[in-house]
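Listed here are the chains, written in short residue letters.
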Protein chains: 2
Amino acid sequence: MNKIITTILLASSFLASAAEPEFSTEQLKQVTQVRTTALNSSLSYELLESLTTEVGPRLPGTDNDKKAVAWAKAKFNQLGFDKVWLEEATFPEWRRYSESGKILTPSEQPLHLTALGNSISTPKEGITATVVLFETLDELIAAPANSLKGKIAYINYRMNRHIDGNGYGPAVKARGTGAIEASKKGAVAYMMRSVSTGHHRFAHTGGSYYKEGVKKIPNVTIANPDADQIARLVALNKNVSVNINVQTENLGEGTGYNVIGQFNGTENPEQYVLIGGHLDSWDLGTGALDDGAGVALTMAAAKHISDVKRPKRSIRVVLFAAEELGLWGAKAYFAKHKNDLHNIVAAAESDFGADVVYGFESNVDAASLPVVRAIAKELVPLNVEYIGKNQANGGPDLIPLKKATSAPIFELAQDGTDYFDYHHTADDTLDKVTPAKLRQNTAAYAVFALMAADAKTTIKPKTQNK
Amino acid sequence: MNKIITTILLASSFLASAAEPEFSTEQLKQVTQVRTTALNSSLSYELLESLTTEVGPRLPGTDNDKKAVAWAKAKFNQLGFDKVWLEEATFPEWRRYSESGKILTPSEQPLHLTALGNSISTPKEGITATVVLFETLDELIAAPANSLKGKIAYINYRMNRHIDGNGYGPAVKARGTGAIEASKKGAVAYMMRSVSTGHHRFAHTGGSYYKEGVKKIPNVTIANPDADQIARLVALNKNVSVNINVQTENLGEGTGYNVIGQFNGTENPEQYVLIGGHLDSWDLGTGALDDGAGVALTMAAAKHISDVKRPKRSIRVVLFAAEELGLWGAKAYFAKHKNDLHNIVAAAESDFGADVVYGFESNVDAASLPVVRAIAKELVPLNVEYIGKNQANGGPDLIPLKKATSAPIFELAQDGTDYFDYHHTADDTLDKVTPAKLRQNTAAYAVFALMAADAKTTIKPKTQNK
């Protein structure tokens, strides 16, 4: 769309909104009511407490994963959703059985490590070898061929802390493909500083990959204090040898379920606002921040809306399966619904912990911006700023949607300053969630979903592909 | 001593100090010089970094314990101490080999636990049993006889946070003797919430004991988030069964060494100021806070003094052995020196982490108070307040000294608000120490030790026992 047309559309939508407002006084009263209820309700915290306590960790394919599916289905029904159903998703099933590590020389001491998802096992007695330190993945890639024969390649890169988590991208590169690059140079194992802003002795797990034709080697991260220790020992010109021992298993294709609950719209029920999170988690913690919070707060937000009204369009809460292993639930969902993605009038995933929402952003057609601004106005009482660049990225489970089609994607940007202290660690537990912050998130999602579903104008994506 | 005599002594010492000050202008210049040097020197941090990096954990009797003794002896010599020597101490040697835990029902999930020092092993496959929750040790003691047959007794008591660590005493009761009380009621194992103010998933180890005639049972603590989880499950009326597995060994009598360095006094070298910490640590962390900091800062404080002058009396740095297993080095030291304890003109141990010193307190004869006040005045620039109750308790390694005789004990009270977040965990690592705070501690010890060793008046204990 060129600039002139955009300007005309913007101007005409301003005129339209001046004449006929997107929301009636009655509708705005309902928004206030929903926001107030959500801000004062413990429902989202209760759901989160129940999920993380009664089910606990939810690694795809485990008994707990199945329990989580049963839990979500039962909760949707208890909360009175009009329609509750499951959709199958398959994924490469993987288990962690045990793991331990030691620095052996110059002085024996524990090494806090964890296997990355998909890592193969070491032999039963582990792998003992000398560590070769690189500051970055690029430095490892630049190492001479065969220079790591019999060694453990170690990447010492430290993630930076930012409110929007922008330190994650540069750090996570080494997690995805580091083991491939290390193996190419002859390394017997790959080890990296955790993708972490934390100061505590937790190793952070996460997804990792192998490459056809490159020998698979065990693939672990170490905690930040342990990484500091190894860096200090290397700096002292010490020969640092370690033993790493991880026992894991790849179990082939597993099956799980996206769990979906919907409140039906009164006028255009086939059109829907999609909100949600992912139901699975890593196995180390109880997945309170990642992503029990997203699950609980979007379920609760929809419920709070339904207690006030059924909007014109449906509100659908999708709890995706097997996100951590590679967005498998999301891929299945958007593939299955590929012919009616145009029914999605707004999509937002909560998958960035449980700190406050500080910003609101859209990615929509210009004609839809008056609705966006009307929503933004109702988020101000929650201390949410309108970002206004209309370039929202959305959560990870919306990546397959963006790949399949343009779609009206929204972002309720959370403060992620501390998120990567806990992300993918054993320390991701319920006590890290502040109830008042979770309520603020719930209220923000409730306001957003209600208004997007009940607006006069149907929100449209930037580029239509009907 | 009655009140009137005290008053006369106080009055006379005031008069004396008015006439002849405890410290000359030249001496006070030296104090300023030592304080400034210590505040600007990285020596204590360098010593701490070296000990925790190159040696690491220092469980009594291990190879690392021996390395620590060699390290301390070598450092004392490098720093130019006039006299460096070892004194033997024996202790009950104990090892931790492995440990793991799981909640099994209602839903399987990891349980972060650690064996308490001295705990026996579980069978190889661990112990699986139902948890019976008590809020306090007293509640467990009040349980009916045999009521815990086949069960795991669990105490849920949570330690309170205070600047002076006064929550520790009430909480630690359950650590010392809980397993004895649980066993008396028929329990197959004893488990307790860690003695901890922390929010992270670390179990805190520590000393524990068995009793002749009461069956020994395995003895573990769990991390605070895990304790919360178990408490929630019990509150839901769930049958909570767990598997706990600890493999440990009691190795009989072990031998270690107090490592001692002294700068000799110029006038009364047989009299000495005793400062120090304990050289051993638990095996989980690298003992940076407990008690690498105390070791490093007292060594550095003595060195900074020696760079300016040799005071009238000697300054002796004692690095005690096997404190964690029951003050064995301290018992040996004060037994060996029992006939010349009157030579100690002031004693202070640093064993409470590495946060700032906020208070200064004595426990001395009234005639010595002018010296105390003169020292207190020179600590003010370091933001150290004079507590002035003259009731100092001193560090743990001074307990045998207090039992053996009255002695002029001092306390440089540290801010312990966060200390029990890290105490006895894997997370007690170098990154928890703030260099500027460690420098402040070093300066405070340097000022105190210099002035106590160089005062005109010899500091005397409250009750002489010559």
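The name an unreviewed UniProt entry gives chain A is Carboxypeptidase Q, with Pseudoalteromonas carrageenovora IAM 12662 as the organism. Quoted verbatim from the Subunit (unreviewed entry) field of UniProt, the annotation for chain A is "Homodimer. The monomeric form is inactive while the homodimer is active."

Visitor: Would you explain the overall build of chain A in this entry?
Guide: Along its length, chain A carries 13 helices and 14 strands. Its C-alpha radius of gyration of 24 Å places chain A within 12% of the 23 Å reference for a compact globule of 466 residues. For chain A, the C-alpha atoms occupy an extent of roughly 75 × 50 × 40 Å along the three principal directions. Looking at chain A residue by residue over its 466 residues, the buried ones come to 61%. Looking at chain A alone, contacts between residues at least 24 apart form 83% of all its contacts between residues at least 6 apart. As displayed, chain A has an accessible area near 17100 Å², and 52% of this comes from carbon and sulfur atoms.

Visitor: What exactly am I supposed to notice about the environment of Leu251 of chain B here?
Guide: Residue and element names in this part refer to chain B. With respect to the secondary-structure elements, Leu251 resides in strand β8 (residues 241–263). For Leu251, a relative accessible area of 36% translates into the label partly exposed. On a C-alpha basis, the gap between Leu251 and Pro92 in space is 7.1 Å, while along the polypeptide they are 159 residues apart. Beyond its immediate sequence surroundings of up to four residues, Leu251 is in contact with Glu93 and Arg95.

Visitor: How do you make sense of the side chain of Glu87 of chain B when you look at a structure like this?
Guide: All names here are of chain B. Examined against the element boundaries, Glu87 turns out to sit in strand β1 (residues 83–105). In this structure, Glu87 is buried with no salt-bridge partner, the nearest side chain bearing the opposite charge being Lys336 at 5.0 Å. Side-chain polar atoms of Glu87 contact the side chain of Trp85, separated by 2.8 Å. If we skip the residues at most four places from it in the chain, Glu87 touches Gly256, Tyr257, Asn258, Ile260, Tyr333, Lys336 and His337.

Visitor: I would appreciate a short explanation of the interface of chain B and chain A in the present structure.
Guide: Taken together, the 37 residues of chain B in the interface contact 37 residues of chain A. Buried surface at the junction of chain B and chain A, summed over both partners, amounts to about 2600 Å²; 50% is from carbon and sulfur atoms. Here Lys238 of chain A and Glu54 of chain B are joined by a salt bridge, their closest N and O atoms 3.8 Å apart. Our count for the contact surface shared by chain B and chain A stands at 25 residue pairs in polar contact (both at pLDDT 80 or more). Elements with a contribution of two residues or more to the side of chain B that touches chain A: α3 (43–55), α4 (63–78), β2 (109–110) and α7 (224–235) of chain B. Looking at the side of chain B that touches chain A residue by residue, the classes come out as twelve nonpolar, 13 polar and twelve charged.

Visitor: Would you take a moment to explain the environment of Val364 of chain B for this structure?
Guide: Residues and elements named next belong to chain B. Its place among the elements puts Val364 in the loop between β12 (357–363) and α10 (369–379). Residue classification places Val364 among the buried residues on the basis of a relative accessible area of 1%. When the C-alpha atoms of Val364 and Gly329 are compared, they prove to be 25 Å apart, with 35 residues separating the residues in sequence. If near-sequence neighbours (up to four positions away) are discounted, Val364 is found in contact with Leu369, Val372, Asn390, Pro408, Phe410, Ile459, Lys460, Pro461 and Lys462.

Visitor: Hey, could you run me through the pairing of strand β11 (residues 344–349) of chain A in this one?
Guide: The side chains of a regular strand alternate, first on one face of the sheet and then on the other. Residue and element names in this part refer to chain A. Counted residue by residue, β11 has six buried out of six residues, so it is predominantly covered. Of the pairings in the sheet, the one linking strand β9 (residues 268–278) to β11 comprises five bridges and is parallel in character. The residue bridging Tyr272 from the neighbouring strand is Ile344, located in β11.

Visitor: What is the right way to look at the packing of aromatic side chains in this model?
Guide: Between two aromatic rings, the relevant description is the distance of the centres plus the angle of the planes. In total, this model carries 29 aromatic pairs over all chains according to the counting rule given. Pairing Tyr419 of chain A with Phe420 of chain A gives two aromatic rings, centres 5.0 Å apart and planes at 70°, and the pair type is edge-to-face. No difference in accessibility class separates Tyr419 of chain A from Phe420 of chain A, as the two residues are buried. Ring geometry for Phe360 of chain B versus Phe410 of chain B: centroids 5.8 Å apart, planes at 20°, classification stacked. Pair noted here: Phe360 of chain B is in strand β12 and Phe410 of chain B is in strand β14 (residues 409–414), with a separation of 50 residues, a long-range link. According to the relative accessible area criterion, Phe410 of chain B is buried, its value standing at 1%. Positioned above the aromatic ring of Trp85 of chain A is the side chain of Lys83 of chain A, whose terminal nitrogen or guanidinium carbon lies 4.3 Å from the ring centre. The ring centre of Trp328 of chain B lies 3.9 Å from the NZ or CZ of Lys331 of chain B, which sits over that ring.

Visitor: What is the right way to read the pattern of salt bridges from this model?
Guide: Opposite charge on two side chains permits pairing when their charged atoms draw close. All names here are of chain A. Tallied over the entire structure, the rule returns 36 salt bridges over all chains. For Arg35, the salt bridge identified is with Glu378, shortest N-O distance 3.0 Å. Within this pair, whereas Arg35 is found in helix α2 (residues 25–40), its partner Glu378 is found in helix α10 (residues 369–379), the two being separated by 343 residues in sequence. Overall, the relative accessible area of 10% leaves Arg35 in the buried class. Taking relative accessible area as the criterion, Glu378 reaches 12% and is therefore assigned buried.

Visitor: Help me understand the domain arrangement of chain A in this model?
Guide: Interface size, as often reported, equals the accessible area lost upon joining of the parts. Residue and element names in this part refer to chain A. Along its sequence, chain A is organised into domain 1 (22–82 + 264–465) and domain 2 (96–249). With centres defined by C-alpha atoms, the gap from domain 1 to domain 2 works out at 34 Å. Domain 1 puts 18 residues into the contact, and the matching count from domain 2 is 21 residues. Across the domain 1 to domain 2 interface the summed buried area is about 1600 Å²; carbon plus sulfur atoms make up 59%. Our enumeration of links across domain 1 and domain 2 arrives at three salt bridges. Residue Asp421 pairs with Arg161 through a salt bridge whose shortest N-O separation is 3.1 Å. Viewed at the interface, domain 2 and domain 1 are joined by ten residue pairs in polar contact (both at pLDDT 80 or more). Top contributing element to the side of domain 1 that touches domain 2 by residue count: helix α12 (residues 419–422), with three residues. Across the side of domain 1 that touches domain 2, the residue classes break down as seven nonpolar, six polar and five charged.

Calculation criteria
Per chain, residues are indexed from 1 in the order of the written sequence. To read the labels, note that chains go from A and ligands from 1, taken in the order they are written. Where local features are concerned, this predicted model is filtered to residues with pLDDT of at least 70; where side-chain atom pairs are given and counted, the filter is 80 or more; whole-chain, interface and lining totals use all residues. The side-chain quantities take in all heavy atoms of the structure and omit both hydrogens and water. UniProt positions are given in the numbering used here, feature names are shortened, and annotations may be inferred rather than shown by experiment. Note on conventions: DSSP H or I runs of at least 4 residues are helices, E runs of at least 2 residues are strands, and numbering of each starts at the N terminus. A radius of gyration in this sense is built from C-alpha atoms; the matching globule rule multiplies 2.2 Å by the number of residues raised to 0.38. Partly exposed describes any residue whose relative accessible area lies between the buried limit of under 20% and the exposed limit of over 50%, with all areas from a 1.4 Å probe on protein chains only and scaled to the type maximum. Residue contacts are defined here by distance: any two heavy atoms, one from each residue, within 4.5 Å place the two residues in contact. Surface exposure here means Shrake-Rupley accessible area, sampled with a 1.4 Å probe, where a residue is shielded only by the protein chains that are shown. For the purpose of charge, His is not counted, nor are the chain termini; Lys and Arg are scored as positive and Asp and Glu as negative. The term salt bridge refers to a pairing of a side-chain nitrogen on Lys or Arg with a carboxyl oxygen on Asp or Glu at a separation within 4 Å. What qualifies as a polar contact is a pair of N or O atoms within 3.5 Å, subject to a donor-acceptor requirement within protein and to the restriction that residues adjacent in sequence count only when both atoms come from side chains. What gets called buried area is simply the loss in accessible area from a 1.4 Å probe that two parts show on being joined, summed for both. Each residue is assigned to one class: nonpolar for Ala, Val, Leu, Ile, Met, Phe, Trp, Tyr, Cys and Pro, charged for Asp, Glu, Lys and Arg, and polar for all the others, Gly among them. For two strands to count as paired, DSSP must find a minimum of two bridges between them. Pairing of aromatic rings covers Phe, Tyr and Trp, the last counted by its six-membered ring, and requires centre-to-centre distances within 6.5 Å; plane angles under 30 degrees mean stacked, over 60 mean edge-to-face, and any other angle means tilted. We count a charge as sitting over a ring when the NZ of a lysine or the CZ of an arginine lies within 6 Å of the ring centre and within 35 degrees of the ring normal. The start and end points of each domain follow an automatic or database-based domain assignment.

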